Amino acid sequence: MKKLMLGNEAVARGAYEAGVRVVSSYPGTPSTEITEFSAAYKEINCEWAPNEKVAVETAFGAAMCGVRAMSCMKHVGLNVAADPLYTAAYTGVNGGLVLCVADDPFMHSSQNEQDTRFIARAAHVPVIEPADSQECKDFIRRAFEISERYDTPVILRLTTRLAHQRSPVETAERQEQPVKPYEKNIMKNVMMPGMARKRHVYVESREAQMEKDAAALGLNRLEMRGRALGVVCAGVVYQYVREALPEASVLKLGLSYPMDKAAIRDFAAQVDRLIVIEELEGIMEQEIAAMGIAVEGKKYTGRQGELSVQRIREAFGGEKAPEEPALPARPPVLCPGCPHRATFHVLKKLKLHVFGDIGCYTLCALPPIDSLESALCMGASIGMAVGAEKARGRDFARQSVAVLGDSTFVHSGITGLVNAVYDRSNITVVILDNRITGMTGHQQNPATGFDIYNQPAPQLNLEGLCESIGAHVVIENPMDMDALEKVIKEELNRDGVSVIIARYPCALLDKRRPIPARVTGCRNCGACMGLGCPAIERDAGGVHINAALCNGCGLCVSQCHFGAISCGGDRT
Amino acid sequence: MKKDIIIVGVGGQGILLTSKILGYLSLRMGDDVKVSEVHGMSQRGGSVITHVRIGQDVASPLITPGEADLVIAFEWLEALRAEFYLKKEGAMIANTRRMLPMPVIMGKAAYPEQEITGRPLFALDAQRIAEECGSVRAVNIVLLGVMSTLTEWPRDAYEAAIAANVKPATLDVNLAAFKAGCQAGDSLRG
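All values reported here derive from a predicted model rather than from experimental measurement.

## Structural notes on the interface of chain B and chain A
The interface of chain B with chain A comprises 48 residues on the first partner and 51 residues on the second. When the two sides are added together, the surface that chain B and chain A hide from each other amounts to roughly 4,500 Å², 63% of it contributed by carbon and sulfur. Here chain B and chain A share six salt bridges between them. A salt bridge links B:Glu37 to A:Arg166, with the nearest nitrogen and oxygen atoms 2.6 Å apart. Across the chain B-chain A interface, the total number found is 13 residue pairs in polar contact (both at pLDDT 80 or more). Counting residues per element, the ones that place at least two in the side of chain B that touches chain A are α1 (15-28), β2 (32-36), β3 (47-55), α2 (76-82) and α3 (102-105) of chain B.

Printed below as a string of structure tokens:
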């Protein structure tokens, strides 16, 4: 009986069936559910690592010591994990090691549109690309076999439309893998120059061998139809090509790197016109062109966004599909009761420059809050504040704060804070400690005191850590906006590095039934509208609370100059 | 059954659960199916869309604009926004309730006063029906009930799919909402 599975769920299932024993990851849309589903299998030891670098190092350690191990991340997570990956390609593995990396064309929930296939080529590790949930399950097993056979880490590349598609999957039983022996092997596992020079030779020969073996690995598929047009594609794009160009012959690459050059030459010889259709960069097209074969691709499909059936149809002369009408947008907003709303209301009131990073609070760049001024990558805000003071001086630093979340602080803010203190900076950092990794859907982290199984775990003491680094630390409840304002003003004027831990749990963690706020005698001044709360609506008659949305947090009560809003029940 | 269905609404309205139930049901009824979702940022009160493609051999997980058989909209503005996905004779099931997006709340844009005309339209106040069944959160299942009146799949198969996918504590409310949705669908069809 087939089961409907999310692509990510199918990857986890495939890993389970392949006998995987260790999964270490950091959450990131659209990859997060792979690790969450893996944690449901008791045979797999799963963890949320503090960042992707640690996750890959942990998975590498497990593989080096003889078991199959996996690490899952979004595309930008692979940047953080690039350091161990590039050298793990030299050492090789022992037990299989697979990195599941999910790209996000169109940036549904990402800050850039980078293409993981570039990093894979730079690191000289193979790339396997499934095209539906069934292949997600089947190909991850093959990825482990290839990893062990060729002694290399393997990247299973997903994209949003694979990771977050549900389609039928035939499951199988788990095949337990024996723990391989661990042998001390300094020449293989210690990458000093003398050893690495030898291993680099191996990396090249391994890649050449894989290219020769590509056909026998059986991950690629040739579908000959007409001669007129031949399309090379991989991943979910294959599905779009099937529908958009039903007459075309197709070479579907499951192993998209190293490419099976012999198969491509044969295919090119069998068709009149060769096209590569690939999302994001024109990587396969360039490689085929470099083989001296006449090929086109990006001039039709472009580099940006997602491909689709209609985009491919239109690129090849098909009729244009109807376009979305111009209607008021509905951008995502902070949830009712979100503590970030309180913190950012104060930051906006104080007219501060807010350097940010990645989290739900990045939404505070949008109106009406619109006070977050920069967002680059996880943990970057502290470094930016240090740089800002260097560029513009102490007075500017007094008008600036760096904000980041509890999870992103642990991910990559700690080293920034060490530098800020060491550098004798005068900056103010606000850790938005909502007790969870929020935006990716509530994953535990070292500061929450729970592990991936929601079992109690040793809790990182954020305030103790920051103090030991040498920062002045204050803890404040952001829902008390007056108190938070006072603390921020004090800390902005303090010399040295200050850390304000704005601590209040994510509104979605509180499962109690809220008591909605009530409005009586509204004068329609609009003061409460500045909160940007989706539960507050306004018309000519005044403001109204949408009881279905209101979380009863009471922030609006404190904004009303006329005492027109009341809130029953004390939830703080 | 061959049907391309777009489900739209506002993050938090239970759209992903609805598409999951439909996918589960399609498989049980012997069809191939692909469901495409987007998680993450879009769940924070933003517009949410899922594509459900049911048929003999489904390739693309996405529905091409102008080719959908059915749009199920949990909110009126989102119904208007998604109408371009429908083919000429495609049907719309829409909750008439309005949820104001932030640009409207802030007075930067007006909530559109457009109607939907020239196609089969099943417009109803699904929120009122859901509340009468015991939970405002059951809007999604009310609309699923309406949809069931447009397909040949038996109602007990829908009920089994709901039971297999909702939390046991909410099952009674959801089954009541489904029944009420079926009744509303029957009366809208006349």
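## So, the sheet that holds strand β13 (residues 274-276) of chain A
All names here are of chain A. Here we have four strands laid out as an open sheet, ordered β9-β11-β10-β13, and mixed in their pairing. Both edges of this open sheet fall to β9 (221-223) and β13, since each of them pairs with a single strand only. Here the strands of the sheet are splayed against their neighbours by 15° on average, with no regard to which way each runs. Bridging between strand β10 (residues 230-233) and β13 involves three bridges; their strand directions are parallel.

## A look at the sheet that holds strand β14 (residues 353-356) of chain A
All names here are of chain A. Read across the sheet, six strands follow the order β15-β14-β16-β17-β19-β18 without closing on themselves; strand pairing throughout is parallel. Because the sheet does not close on itself, it has two edges, and the strands there are β15 (372-375) and β18 (472-476). Pairs of neighbouring strands in the sheet enclose a mean axial angle of 25°, with direction left out of account. Here β14 runs beside β15; their pairing, made up of three bridges, is parallel. By the bridge assignment for β15, valine 354 is matched with leucine 372. Relative to the sheet, helix α21 (residues 481-492) contacts β16 (400-405), β17 (428-433), β18 and β19 (498-503), its axis offset from that of β18 by approximately 170°.

## Considering the layout of surface pockets
The calculated volume of the second largest pocket comes to roughly 1,200 Å³. Lining the second largest pocket are 41 residues, and of these A:Phe106, A:His108, A:Glu324, B:Ile49 and B:Tyr85 sit closest to its centre. Taken together, the residues of the lining of the second largest pocket break down into 21 nonpolar, ten polar and ten charged.

## Focus: the pattern of salt bridges
Pairing between side chains of opposite charge can happen when the charged atoms of each approach one another. All names here are of chain A. Following the criterion strictly, the structure yields 57 salt bridges over all chains and no others. Ionic pairing is found between lysine 137 and glutamate 17, a salt bridge with its closest N-O pair at 2.9 Å. Highlighted residues: lysine 137 in helix α7 (residues 133-150) and glutamate 17 in helix α1 (residues 7-17), separated in sequence by 120 residues. The pair formed by lysine 137 and glutamate 17 is uniform in burial state, with each residue classed as buried. With a shortest N-O distance of 3.9 Å, glutamate 135 and arginine 221 are connected by a salt bridge. With glutamate 135 in helix α7 and arginine 221 in strand β9, the pair connects residues that are 86 residues apart, well separated along the chain.

## Some remarks on the domain arrangement of chain A
Residue and element names in this part refer to chain A. According to the domain assignment, chain A consists of domain 1 (2-217), domain 2 (221-315), domain 3 (339-509) and domain 4 (518-566). A C-alpha centroid distance of 25 Å is found between domain 1 and domain 2. Buried area between domain 1 and domain 2, both sides added, is near 2,400 Å², and the carbon and sulfur share of it is 55%. Among the residues domain 1 hides against domain 2, the three largest losses belong to Arg117, Arg121 and Glu211. Together they make up 26% of the total. Summed over the shared surface of domain 1 and domain 2, the result is six salt bridges. Arginine 121 is the salt-bridge partner of glutamate 287, the closest N and O atoms lying 2.4 Å from each other. Linking domain 1 with domain 2 are 17 residue pairs in polar contact (both at pLDDT 80 or more). Mapped onto the side of domain 1 that touches domain 2, the elements with two or more residues apiece are α6 (116-123), β6 (127-128), α7, β7 (154-159), α8 (160-163) and α10 (193-217). In terms of residues, the side of domain 1 that touches domain 2 owes the most to one element, α10, which gives six residues. Here the side of domain 1 that touches domain 2 is composed, by residue class, of 16 nonpolar, five polar and twelve charged.

## A few points about the confidence of the model for chain B
Model confidence for chain B is summarised by a mean pLDDT of 95, while 98% of its residues fall at 70 or above. Here the complex is predicted with pTM 0.97, and the ipTM for its interfaces comes to 0.96.

## Focus on helix α5 (residues 139-148) of chain B
Of all the ten residues making up α5(B), ten are buried; the element is thus mostly covered by neighbouring parts of the structure. Turning to α5(B), its buried residues are B:Val139, B:Asn140, B:Ile141, B:Val142, B:Leu143, B:Leu144, B:Gly145, B:Val146, B:Met147 and B:Ser148.

## A look at the environment of B:Met147
Residue and element names in this part refer to chain B. Assignment of secondary structure puts methionine 147 in helix α5. With relative accessibility at 0%, the residue methionine 147 sits in the buried group. Distance in space between the C-alpha atoms of methionine 147 and glycine 181 is 8.2 Å, their sequence separation being 34 residues. Dropping the residues within four chain positions of it, methionine 147 is found in contact with Ile5, Leu22, Leu70, Ile72, Ile93 and Tyr158.

## Quick look at the packing of α5(B) against helix α7 (residues 171-189) of chain B
Residues and elements named next belong to chain B. For the pair α5 and α7, the least separation of the axes is 6 Å and the interaxial angle reads 45°. Judged by the inter-axis angle, α5 sits oblique to α7. The two elements α5 and α7 meet at a crossing, and its hand is right-handed. Facing Ile141, Val142, Leu144, Gly145, Val146 and Ser148 of α5, the residues of α7 in contact are Asn174, Ala177, Phe178, Gly181, Cys182 and Gly185. Residue composition of the contact of α5 with α7, grouped by class: seven nonpolar, five polar and no charged.

## Thoughts on the side chain of A:Thr116
Residues and elements named next belong to chain A. Considering the arrangement of structural elements, one finds threonine 116 in helix α6. Owing to a relative accessible area of 1%, threonine 116 belongs among the buried residues under this scheme. Residues in contact with threonine 116, not counting those within four places in the same chain, are His75, Leu78, Val101, Asp103 and Ile155.

## Some details on the packing of aromatic side chains
All names here are of chain B. Taken as a whole and assessed by the stated rule, the structure comprises five aromatic pairs over all chains. Summarising the aromatic geometry, the rings of tryptophan 153 and tyrosine 158 are spaced 6.1 Å apart at their centres and angled 55° between planes, so their arrangement reads as tilted. Side by side, tryptophan 153 and tyrosine 158 carry an identical accessibility label, which is buried. Through pairs of rings, three or more aromatic residues link up here, namely Trp153, Tyr158 and Phe178.

Rules of the game
Going along each chain's sequence as written, the residues are numbered from 1 onward. Note on labels: chains are lettered from A, ligands numbered from 1, in written order. Only residues with pLDDT of 70 or above have their local features reported here, since the model is predicted, and side-chain atom pairs are shown and tallied only from 80 upward, although totals for entire chains, interfaces and linings are computed over all residues. As a convention, hydrogens and water are excluded, and side-chain values are obtained from all of the structure's heavy atoms. A contact between two residues is defined here by any heavy atoms of the two lying within 4.5 Å. As a working definition, buried area equals the accessible area (1.4 Å probe) given up by two parts on being put together, with both sides summed. Any Lys or Arg side-chain nitrogen located within 4 Å of an Asp or Glu carboxyl oxygen qualifies as a salt bridge. By the criterion applied in these results, polar contacts are pairs of N or O atoms within 3.5 Å in which, for protein atoms, one can donate a hydrogen and the other can accept it, and in which residues neighboring in sequence qualify only through two side-chain atoms. The numbering of helices and of strands both runs from the N terminus, where a helix is a DSSP run of H or I of at least 4 residues and a strand a run of E of at least 2. Two strands form a pair only when DSSP identifies at least two bridges running between them. For helices, the axis comes from a line fit to the C-alpha atoms of the stretch in contact; other axes are also lines fit to C-alpha atoms, and the angle between any two N-to-C directions lies between 0 and 180 degrees. Both cavities and pockets are sets of points on a 1 Å grid over the protein atoms alone; in a cavity a 1.4 Å probe fits but cannot get out, in a pocket the set is open with protein on both sides within 12 Å along at least five of seven lines, and lining residues sit with an atom within 4 Å of a point. Grid points are joined across faces, edges and corners, and a volume is the space filled by probe spheres set on the points. By the convention adopted, Pro, Cys, Tyr, Trp, Phe, Met, Ile, Leu, Val and Ala count as nonpolar, Lys, Arg, Asp and Glu as charged, and the other residues, Gly among them, as polar. Only protein chains enter the calculation, and the probe is 1.4 Å; a residue is then buried if its accessible area is under 20% of its type maximum, exposed if over 50%, and partly exposed in between. Residue ranges assigned to each domain were obtained from an automatic or database domain assignment. Summary of the metric used: pLDDT quantifies the predictor's per-residue confidence within the range 0 to 100. By the definition adopted for this analysis, an angle is roughly parallel if under 35 degrees, roughly antiparallel if over 145, roughly perpendicular if from 65 to 115, and oblique otherwise. What makes a crossing left-handed is the near helix being turned counterclockwise from the far one by less than a right angle; a clockwise turn instead makes it right-handed. Two aromatic rings, drawn from Phe, Tyr or Trp (for Trp, its six-membered ring), form a pair once their centres lie within 6.5 Å of each other, and the interplanar angle then sorts them: stacked below 30 degrees, edge-to-face above 60, tilted otherwise.

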